[in-house]
Amino acid sequence: MSVWKANIEALRAVGSDLPERLMSEAAVPHIERDTDNVFWLRIHRTRVKLRLPASSVTHCLEELPEDTAQVLLFGLGQGGLLYAALARTEWSRIVAWERDPVLLHIVLQHV
């Protein structure tokens, strides 16, 4: 089973209607993908890259106190910070929040 299907089934198991919203074929003009597989958020005429530089991800995680047991991530972008957080084994719980179903769809295909 693919990672995407496993995540969708896990969401269905808890009675969420999110899987149906994530699987809809809605037009997504606000998210663009370039030839390097980097996603951009379009806000009017401005484009913002959704991938964090590796140095930013490392810096964010290093700033946390050593006794941190739980982490809450607001906004997932392309998932760089989430992937790095999942690689750390000392945390008992990681909660990720993303309001854009398109971005959540992108991340759930890989985590």
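Structure shown above.
Presented here is a report on the structure given in the accompanying data block.

What counts and how
- Residues numbered from 1 in each chain as written.
- Predicted model: local features only at pLDDT ≥ 70, side-chain atom pairs only at ≥ 80, totals over all residues.
- Heavy atoms only, no water.
- Core = buried A, V, L, I, M, F, W, Y, C linked by side-chain atoms within 4.5 Å.
- Buried < 20%, exposed > 50% of the residue type's maximum accessible area, 1.4 Å probe, protein only.
- Contact = heavy atoms within 4.5 Å.
- Salt bridge = Lys/Arg side-chain N within 4 Å of Asp/Glu carboxyl O.
- Helix = DSSP H or I, 4+ residues; strand = E, 2+ residues; numbered from the N terminus.
- Pairing = 2+ DSSP bridges.
- Axes fitted to C-alpha atoms, helices over the stretch in contact; angles between N-to-C directions.
- 1 Å grid on protein atoms, 1.4 Å probe; cavity = no way out; pocket = protein on both sides within 12 Å on 5 of 7 lines; lining within 4 Å.
- Points joined across faces, edges and corners; volume = space filled by probe spheres on them.
- Nonpolar A, V, L, I, M, F, W, Y, C, P; charged D, E, K, R; others polar.
- Phe/Tyr/Trp six-rings, centres within 6.5 Å; stacked < 30°, edge-to-face > 60°.
- Lys NZ or Arg CZ within 6 Å of the ring centre and 35° of its normal.
- Polar contact = N/O pair within 3.5 Å; in protein donor to acceptor, adjacent residues only side chain to side chain.

Let's talk about the nonpolar core
- Formed by 16 residues in total, the largest nonpolar core has its most connected members in Leu22, Leu104 and Leu108.
- Sequence-distant contacts of Leu108, defined by excluding residues within four places in its chain, comprise Val3, Trp4, Asn7, Leu11 and Leu22.
- Residues Ile31, Leu50, Val102 and Ile106 belong to the second largest nonpolar core, which totals 6 residues.

Thoughts on the pattern of salt bridges
- Applying the stated rule across the entire model yields 3 salt bridges.
- Residues Arg47 and Glu32 are paired through a salt bridge, measuring 3.1 Å at the closest nitrogen-oxygen approach. One end of the pair, Arg47, is in strand 3 (residues 46-49); the other, Glu32, is in strand 1 (residues 31-33), with 15 residues separating them in the sequence.
- Look at Arg47 and you get partly exposed, because its relative accessible area is 37%.
- Residue Glu32 is classed as partly exposed on the basis of its relative accessible area, which comes to 22%.
- Taken together, the salt bridges that share partners define one network made up of Glu32, Arg42 and Arg47.

Some points on the sheet that holds strand 1
- Here we have 3 strands laid out as an open sheet, ordered 1-2-3, and antiparallel in their pairing. Each edge of the sheet is formed by a strand with only one pairing partner; in this case those strands are strand 1 and strand 3. Between one strand and the next, the sheet's axes are offset by a mean angle of 35°, whatever the strand orientation.
- Alignment of strand 2 (residues 39-43) against strand 3, held across 4 bridges, turns out to be antiparallel. Bridged to Trp40 within strand 3 is Lys49.

Quick look at unusual backbone geometry
- Residue Asn37 is not a glycine yet carries a positive backbone phi of 65°.
- Mapping Asn37 onto the fold places it in the loop between strand 1 and strand 2.
- Owing to a relative accessible area of 39%, Asn37 belongs among the partly exposed residues under this scheme.
- At His44, a position not held by glycine, the phi torsion is positive, near 60°.

Some points on the layout of surface pockets
- Each pocket or cavity is described by its volume, and for the second largest pocket that value is around 360 Å³.
- Class assignment for the residues of the lining of the second largest pocket results in 13 nonpolar, 1 polar and 1 charged.

Focus on the packing of aromatic side chains
- Taken as a whole, this structure holds 1 aromatic pair when the rule is applied.
- Lying over the aromatic face of Trp40, Arg47 brings its terminal NZ or CZ to 4.3 Å of the ring centre.

Considering the environment of His30
- When you line up the elements, His30 lands in the loop between helix 2 (18-23) and strand 1.
- The spacing of His30 and Trp97 is 67 residues in sequence and 19 Å in space, taken between C-alpha atoms.
- In this structure, His30 is in contact with Trp40, Leu41, Arg42, Asp100 and Val102, ignoring residues within four places of it in sequence.
- Of note is the side chain of His30, whose polar atom sits 2.7 Å from the side chain of Asp100.

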